[in-house]
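Understanding the architecture of this molecule
In case you want the letters, here they are:
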Amino acid sequence: MSVATNTMKKFINAPEDVVKESLAGLGAAHPDLVRIDLENQIVVRKDAPVAGKVGLVSGGGSGHEPMHGGFVGLGMLDAACPGEIFTSPVPDQMLAATKAVDGGAGVLHIVKNYTGDVLNFKLAAELADDDGIKVESVLTNDDVAVEDSLWTAGRRGVGVTVLLEKIAGAKAEAGGTLDEVAAVARRVNDRGRSFGVALTSCVTPAAGTPTFEIGADEIEFGVGIHGEPGRRRERLAPASEIVAEMTEAILSDLAPASGANLLAFVNGLGGTPLIELYVIYNELAKQLAARGLTATRSLVGNYITSLEMAGASITLLELDGELTELWDAPVHTPALRWST
Amino acid sequence: MEYLIGVDAATVRRWLEGSAAVLHEQRDYLTQLDAAIGDADHGTNMDRGFSSVVEKLAELDGSEPPGRILVTAGSTLVSTVGGASGPLWGTALRRAGRALGDEATFEGAALAAAFQAALDGVVELGAAQPGDKTMVDALEPAVRALKERLDAGAPTAEALASAREAADEGMQSTVPLQATKGRASYLGERSIGHQDPGATSTALILRALELAVATEQ
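About the thresholds
Residue indices follow the written sequence of each chain, beginning from 1 at its first position. For this description, chains carry letters from A and ligands carry numbers from 1, given in the order in which they are written. A pLDDT threshold of at least 70 governs which residues receive local features in this predicted model, and a stricter bar of 80 or more applies before side-chain atom pairs are shown or counted, although totals over entire chains, interfaces and linings include all residues. In this text, helices come from DSSP runs of H or I with a minimum length of four residues, and strands from runs of E with a minimum of two, each type numbered from the N-terminal end. The reference for a compact globule is 2.2 Å times residues^0.38; the radius of gyration itself is calculated from the C-alpha atoms. As a rule, residues whose C-beta atom has 12 or fewer other C-beta atoms within 10 Å are exposed, those with 20 or more are buried, and those in between are partly exposed; C-beta atoms are placed from the backbone. The contact criterion used here is simple: two residues whose C-beta atoms, placed from the backbone, lie within 7 Å are in contact. Should DSSP find at least two bridges between two strands, the strands are regarded as paired. Axis definition: a line fit to C-alpha positions, over the contact stretch in the case of helices; interaxial angles, taken between N-to-C directions, run 0 to 180 degrees. Here the term charged refers only to Asp, Glu, Lys and Arg, the term nonpolar to Ala, Val, Leu, Ile, Met, Phe, Trp, Tyr, Cys and Pro, and the term polar to all other amino acids, Gly among them. In a helix, the anticipated span is given by 1.5 Å times the number of residues less one. The quantity known as pLDDT measures the predictor's confidence residue by residue, on a range of 0 to 100. These domain limits were set by an automatic method or by a database of domain assignments. Oblique is the label for every angle not falling under 35 degrees (roughly parallel), over 145 degrees (roughly antiparallel), or within 65 to 115 degrees (roughly perpendicular). Crossings are classed by handedness, with left-handed meaning an anticlockwise turn of the near helix from the far one by less than a right angle and right-handed meaning a clockwise turn.

Below, the discussion takes up the overall build of chain A. Scanning chain A for helices and strands turns up eight helices and 14 strands. Relative to the 2.2 N^0.38 estimate, which gives 20 Å for 340 residues, the radius of gyration of chain A is 19 Å and therefore close to what a compact globule would have. Projected onto its principal axes, the C-alpha positions of chain A cover 55 × 50 × 40 Å. Expressed as a percentage of its 340 residues, the buried residues of chain A come to 57%. In chain A, once contacts between residues fewer than 6 apart in sequence are set aside, the share between residues at least 24 apart is 72%.

Structural data, given as structure tokens:
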């Protein structure tokens, strides 16, 4: 039996226009925060370049909204380079973004660990270097569902990317140097781990069919944000059992200090309602309490998605004083917004 | 009677146009191969990239030497493809073009050197070795066969035919391999039994080169 969300039923005009038209919409909705350079296909902070501030550039395939374009603004990213859906952007976009946000203090590239993203950002950093712009790159690779070994391309960058962009953005806004901002960013990646599960597949507009088949009563454990397969497929179980397994997968790898303060991030993959995300959060809080851990900060919602996939991911970040302070700092972007 | 004929700019253009044609023709096949173990965009990406190369070549004034044409083609792929194949094929063609320099024609040792430079560029950027189930599994044996045949004194066209055969065999050799690079590696053992799309497009591009040179001679 097919699930209703698996059929191609989308608000689009033409598959090939989705990315650009969505970007135009983002710009039209938030002209006070961002400007859209449609020719280069980049989203740039309205007041970029900010003189003397380290610029933050991220990017990757589209289809994960609000990441990354929705995180451009005060206290987070200076620019985002969206590629085609689930396809890495090209170095030209990254170079244009890097030039647009270079305020003289250097530029940080935030790269999720996927082969295409890594290769294209590497070429872009070389091009920026040719232009005399100082670039540092940080890689996110927090998905514990992938074994980090010689046998894989390494762990995928997922939920930690959102937290890293917020925290490193705050560090840059506070006047951190390029080295300092990069160091904080790497600390976030080192101290964060994620795990995702899927109930349905996503459907890319170009393909028009589900990326993978999954039965009406099945769940994919360890799914990636492009519908990559996970560790295994199971019969759907109560939320308590699913969250227990997700939490265990993360904590056994993260191994936080006893009594550690955590940032708990429950993320929807696009097709799961908030009411279910809070059911997950409730189970997660119980799991953490049982282990003597405390979530002193939280984030719940759809922030790094996989089109219309029903599913969720949990990210846990072991905080310290500075990371907590930077998380709390003001942020004003289309998708994440708070004041102190 | 065989005598040495250099590969010139017109042949290189014919090769790139032939590559674009075969990649367009085989787009859905490549995408199907990619859907099985990757993210179902290889055919679309390669078709988009090589179509852009053909458009870009039409803008050149016709006086460019082969090396310059390859650098332009490589840069165009980097700028239009995205994913992993754009930087990898882009780097391959750019390195080959740079190795050729500004000579109007090339053959033998220069051809072998250009191919070696292309392979080195791909290996350096992608960090893949033979057996990783990538385009290197087609390209590396092709370069090896090309050099062996040229060293043995074979004419260019024959050496390229051997290179293409080696690429085809290399492509087929990816079927039983387990992927350890790129998105296919997330599948682990489940990647076994599928032909690698990158090795497949590489074999197609080498076949286009064989045809372009054969047409010339």
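On we go.
In this section: the sheet that holds strand β7 (residues 192–198) of chain A. All names here are of chain A. Reading across the sheet, the six strands line up as β9-β8-β7-β12-β10-β11 and stay open at both edges, with mixed pairing between neighbours. The two strands at the open ends of the sheet, each matched to only one other strand, are β9 (232–235) and β11 (294–301). Within the sheet, the average angular offset between the axes of one strand and its neighbour, ignoring direction, is 20 degrees. Of the strand pairs in this sheet, strand β10 (residues 261–268) and strand β12 (residues 311–318) are connected by seven bridges, and their pairing is antiparallel. When the bridges of β12 are listed, F265 appears paired with T315.

Once that is clear, we can look at the pairing of strand β1 (residues 34–37) of chain A. All names here are of chain A. Alternating positions in β1 separate cleanly, V34 and I36 being buried on one face and R35 and D37 remaining unburied on the opposite face. With four bridges joining them, β1 and strand β2 (residues 42–45) adopt antiparallel strand pairing. The residue of β2 that forms the bridge with R35 is V44. Between the end of β1 and the start of β2, which pair antiparallel, lie four residues, with Q41 showing a positive phi angle near 55 degrees.

A separate point is the interface of chain B and chain A. Across the contact, 24 residues belong to chain B and 25 residues belong to chain A. Listing elements by their share of the side of chain B that touches chain A, those giving two or more residues are α3 (42–59), α4 (66–80) and α5 (85–100) of chain B. Partitioning the side of chain B that touches chain A into residue classes produces nine nonpolar, 11 polar and four charged.

Once that is clear, we can look at helix α8 (residues 156–173) of chain B. The end-to-end C-alpha distance of α8(B) is 25 Å, a good match for the 26 Å that 18 residues give at a rise of 1.5 Å each. Taken together, the buried positions of α8(B) are T156(B), A159(B), L160(B), A161(B), S162(B), A163(B), R164(B), A166(B), A167(B), G170(B) and M171(B).

With that settled, consider the confidence of the model for chain A. Averaged over every residue, the pLDDT of chain A is 95; residues scoring 70 or more account for 97%. With pLDDT under 50 throughout, residues 1–6 of chain A is counted as low confidence; its partners more than four residues away or in other chains account for 12 contacts.

For α3(B), with 18 residues, the first-to-last C-alpha span of 26 Å sits near the 26 Å given by 1.5 Å per residue. For α3(B), the set of buried residues is H42(B), G43(B), T44(B), N45(B), M46(B), D47(B), R48(B), G49(B), F50(B) and V53(B).

Attention shifts here to the domain arrangement of chain A. Residue and element names in this part refer to chain A. Split into domains, chain A comes out as domain 1 (14–191) and domain 2 (192–319). Taken over C-alpha atoms, the centre of domain 1 sits 23 Å from the centre of domain 2. At the junction of the two partners, domain 1 supplies 23 residues and domain 2 supplies 29 residues. For the side of domain 1 that touches domain 2, the elements supplying multiple residues, two or more each, are α4 (160–173) and α5 (178–190).

A few words on the sheet that holds β1(A). Residue and element names in this part refer to chain A. What the six strands build is an open sheet, ordered β1-β2-β4-β3-β5-β6; its pairing is mixed. Every interior strand has two partners, whereas the edge strands, β1 and β6 (135–140), have only one. Going from strand to strand, the sheet's axes swing by 20 degrees on average, the running direction of each strand aside. Examined bridge by bridge, strand β5 (residues 107–112) and β6 share six bridges and lie parallel to one another. Paired with K112 across the bridge in β6 is T140. Against the sheet, helix α1 (residues 18–29) contacts β1, β2, β3 (55–62) and β4 (79–85), and its axis sits at roughly 150 degrees relative to β1.

Once that is clear, we can look at the pairing of strand β8 (residues 218–221) of chain A. All names here are of chain A. Note: β7 against β8, two bridges, orientation antiparallel. Paired with A198 across the two strands is E220, which belongs to β8. Summarising the sheet, β8 and β9 pair through four bridges and their orientation is antiparallel. Residue pairing for β9: E218 is matched across the bridge by R235.

On to the packing of helix α6 (residues 239–254) of chain A against helix α7 (residues 274–290) of chain A. Residue and element names in this part refer to chain A. Relative to each other, α6 and α7 sit at 55 degrees, their axes nearing to 9 Å. When the axis of α6 is compared with that of α7, the two are oblique. Read as a crossing pair, α6 and α7 show a hand that is right-handed. Residues A239, S240, V243, A244 and T247 of α6 form the contact with α7, whose participating residues are V279, I280, E283, L284 and Q287. Tallied by class, residues from the contact of α6 with α7 come to six nonpolar, three polar and one charged.

A few words on the confidence of the model for chain B. When pLDDT is averaged across chain B, the result is 93; 97% of the residues are at 70 or more. The ipTM for the predicted assembly is 0.86, set against a pTM of 0.91.

By secondary structure assignment, the location of G224(A) is in the loop between β8 and β9. G224(A) sits 67 residues away from G157(A) along the chain, and the two C-alpha atoms are 9.2 Å apart. In contact with G224(A), other than residues within four places in its own chain, are D143(A), R156(A) and Y186(B).

A few words on the environment of R68(B). Among the secondary structure elements, R68(B) is positioned in helix α4. Taking C-alpha positions, R68(B) is 8.4 Å from L100(B), a pair spaced 32 residues apart along the chain.

Moving on, we get to the environment of Y29(B). All names here are of chain B. Here Y29 lies in helix α2 (residues 27–37). On the neighbour-count criterion, Y29 (15 C-beta atoms within 10 Å) is partly exposed. Expressed as a C-alpha distance, the spacing of Y29 and H42, which sit 13 residues apart in the sequence, is 9.5 Å.

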